[in-house]
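Understanding the architecture of this molecule
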Amino acid sequence: MADAAGNAAPLITGNRVAALAAIALMVSPFLYKWYWANRPPAACRMAIEAKLKAPSTYKTVSVDGSGAFYDIEYDAENAFGVPMRGKGFCTVNDDGTATWVELGMR
């Protein structure tokens, strides 16, 4: 739509910007949680992969925890190529490295 001088009307006005900003603020916590829900810290992932026979097959199944302590369940192949599910506990150390304790594979 154009004004009397023939100038095009802006597509986004002040009210629309405010509405879009409000929607973005309401949705962002949910998107953040969805995106990071099953992603362990990189240090934990590296500690797990260091113990695997086929680290390239590692896939996170679930992550529970925050800060420095995480319970992680994952899928990976064993030395014979058979898919296995592992579970363990990861502690992120002050220096950025992680300590992985395997609780078992099934």
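Placed above this text is the structure.
Here goes a summary of the coordinates provided.

On to the overall build of the chain, then. When you go through the chain residue by residue, the secondary structure sums to 2 helices and 4 strands. For the chain, with 106 residues in total, the buried portion stands at 18%. Long-range contacts, defined here as pairs at least 24 residues apart, represent 25% of the contacts in the chain between residues at least 6 apart. Accessible area for the chain stands at about 7800 Å²; split by element, carbon and sulfur atoms hold 63% of it.

This next bit is on the environment of Ala-98. Among the secondary structure elements, Ala-98 is positioned in strand β4 (residues 98-105). Separated by 30 residues in sequence, Ala-98 and Ala-68 have C-alpha atoms that sit 8.9 Å apart. Leaving out residues up to four positions away in the same chain, Ala-98 has contacts with Ala-43, Cys-44, Ala-47, Cys-90, Thr-91, Val-92 and Asn-93.

Remember that side chains alternate between the two faces of the sheet whenever the strand is regular. Here 7 bridges tie strand β1 (residues 59-66) to strand β2 (residues 69-77), and the two strands are oriented antiparallel to one another. Each bridged residue has a counterpart across the sheet, and for Lys-59 the counterpart in β2 is Asp-75. Between β1 and the antiparallel strand that follows it, β2, lie 2 residues; Gly-67 among them carries a positive phi value of about 70 degrees. With 9 bridges joining them, β2 and strand β3 (residues 83-92) adopt antiparallel strand pairing. Bridged to Tyr-74 within β3 is Gly-86. Here β2 folds back onto β3, and the loop between the two strands holds 5 residues, one of which, Gly-81, carries a positive phi near 85 degrees.

Cut-off values and rules
- Residues numbered from 1 in each chain as written.
- Predicted model: local features only at pLDDT ≥ 70, side-chain atom pairs only at ≥ 80, totals over all residues.
- Heavy atoms only, no water.
- Helix = DSSP H or I, 4+ residues; strand = E, 2+ residues; numbered from the N terminus.
- Buried < 20%, exposed > 50% of the residue type's maximum accessible area, 1.4 Å probe, protein only.
- Contact = heavy atoms within 4.5 Å.
- Areas by Shrake-Rupley, 256 points an atom, 1.4 Å probe, with all protein chains shown as cover.
- Pairing = 2+ DSSP bridges.

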